[in-house]
Amino acid sequence: MEVIQHSGEELQKALVSNCQDLVKLYRKHTKEEKCLLEEGLHPGPTHLFQPITVHSDSDWIPAHPEEPQDFESFYRDPYRKSPSASHNTIYIQTIGSFGEAGFQTDQYVDWLREYCQAFFYGLSVKLLPAVSVAETGCTFRVNSNSHNLQILTGDLLRFLSKRKPTDAFCIVGITMIDLYPKDSWNFVFGQASLSMGMGVFSFARYDDNFYSRNYAGRLKKHLQPKQGNYSVFDGYYTPPITSTLLLRSCKTMTHEIGHMFGIKHCQWMSCVMQGSNHLEESDRRPLDFCPICLRKLQVSINFKISGRYKALLHWIEEDPSPASRSEDASACHSALLFPKPTEAFHTSKLWLRRCLDILEKR
Ligand SMILES: [Zn+2]
Ligand SMILES: [Zn+2]
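Residues numbered from 1 in each chain as written. Chains lettered and ligands numbered in written order. Predicted model: local features only at pLDDT ≥ 70, side-chain atom pairs only at ≥ 80, totals over all residues.

For the chain, an unreviewed UniProt entry supplies the name Archaemetzincin-2 and the organism Anabas testudineus. The annotation that UniProt attaches to the chain under Function (unreviewed entry) is "Probable zinc metalloprotease." UniProt, in the comment section headed Cofactor (unreviewed entry), describes the chain in these words: "Zn(2+)". (UniProt positions renumbered as here; feature names shortened; annotations may be inferred.)

In structure tokens, the structure reads:
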């Protein structure tokens, strides 16, 4: 295992920059905010921000050498995108089934929506009415190795471009069905067009059983569905909604939406914006930004850092008991049956509390 340890000076330059205008902009942060952001400059075992560790050559950094993006190069990038008063909503479009239990499915997608709204604090995140696979008119196939259904990403992006509302900052399609970008590829986790502000991502491979031989999404070997006959998607297997699936989905969504702002893969510190080549590496990433990426998002949206952390903590801690949620009887009943599974967010909860201790001098 290799630790990527940048010097305090390097990190300081990546966070603040040596240019006067950006130093001046940095000074606008409150004393407490600067204290938090600078916590990462001198990493130690008990610090909030840790160095990146590379575990094998198949990890993202050795496999995909990229130019690191510091705050200054992000800020000066002419292609980066910030929300504006007329384009300030992130839209989520679900494609295909998210599970058999209707209410639980709706609830799961709404948890994701609420999480994104806390994460991109200050923007509004809305769900578009769900669509079936058939409604997208997409091409699909059965993967010849894993024998599961897959949808062609380009077709979904084309569909999303027609659905994108005029006030959208971006539109993100999510599906529980596996994806492929072209015939010669085995699969892809997702695909995005930053210039068009849209992306599509699949959570299919976040199922703990995906790579096992008895994965329930494998079709019978002889089954070769005809193109255009979407009935094969009726009742097709979707992963069970667990705390781990929710955690992985939240991470993927926010990482990918982060790219929509022009934030590139992080090579500075352990961060949700680190590139990831495989599930083990995605699982290793923390749920939130390092200080450098946090400053990139902060300057794009202009939020109060403590407000954002509070919203995220609230999302994890929110009391799922029916009385606190709604007066509506059916909502009460369902909240009792499906409380938000946040066990996997425990470390993040403690981390957020420590950040708030610094920001609010508690
Ligand atoms: Zn990425
Ligand atoms: Zn980062």
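J.: Help me understand the packing of helix α12 (residues 305–317) against helix α15 (residues 346–359) in this model?
T.: Relative placement of two packed helices is described by the angle separating their axes and the distance separating the axes. At a minimum axis separation of 10 Å, α12 and α15 run at an interaxial angle of 150°. Accordingly, the angle class assigned to the pair α12 and α15 is roughly antiparallel. The handedness of the crossing between α12 and α15 is left-handed. Contacts between α12 and α15 pair Ile305, Ser306, Tyr309, Lys310, Leu312, Leu313, Ile316 and Glu317 from the former with Ser348, Lys349, Leu352, Arg353, Cys355, Leu356 and Leu359 from the latter. By residue class, the composition of the contact of α12 with α15 is nine nonpolar, two polar and four charged. (Axes fitted to C-alpha atoms, helices over the stretch in contact; angles between N-to-C directions. Helix = DSSP H or I, 4+ residues; strand = E, 2+ residues; numbered from the N terminus. Parallel < 35°, antiparallel > 145°, perpendicular 65-115°, else oblique. Left-handed = near helix turned anticlockwise from the far one by under 90°. Contact = placed C-beta atoms within 7 Å. Nonpolar A, V, L, I, M, F, W, Y, C, P; charged D, E, K, R; others polar.)

J.: In this structure, what is going on with unusual backbone geometry? I would like to understand it.
T.: The phi dihedral of His147 falls on the positive side, at around 55°, and the residue is not glycine. Relative to the helices and strands, His147 is located in the loop between β5 (140–142) and β6 (149–152). Phi is positive for Asn302, close to 70°, though the residue is something other than glycine. A residue is classified by how many C-beta atoms lie within 10 Å of it, and Asn302, with 11 of them, is exposed. (Buried ≥ 20, exposed ≤ 12 C-beta atoms within 10 Å, placed from the backbone.)

J.: Sorry, what's going on with the nonpolar core here?
T.: Burial of nonpolar side chains together is a common tendency in soluble globular proteins. With 81 residues, the main nonpolar core has Ile90, Cys116, Cys170, Val172, Cys271, Cys290 and Cys293 as its most contacted residues. If near-sequence neighbours (up to four positions away) are discounted, Cys170 is found in contact with Ile90, Gly197, Met198, Ile257 and Met260. (Core = buried A, V, L, I, M, F, W, Y, C linked by C-beta atoms within 7 Å.)

J.: What should I look at first to understand α15 in this one?
T.: Residues spaced three or four apart along an α-helix point in a common direction, a consequence of the helix completing one turn every 3.6 residues. The first and last C-alpha atoms of α15 sit 20 Å apart over 14 residues, in line with the 20 Å expected at 1.5 Å per residue. Buried within α15 we find Leu352, Cys355 and Leu359. Taken down its axis, α15 places every buried residue within 60° of arc, on the same side. Exposed residues pointing more than 90 degrees away from the buried face of α15 are listed as His346, Thr347, Leu350 and Asp357. Buried residues in α15 make contact with α3 (31–37) and α12. Just downstream of α15, Lys361 is the residue with a positive phi angle, here 45°. (Expected span 1.5 Å × (residues − 1). Arc of directions from axis to C-beta.)

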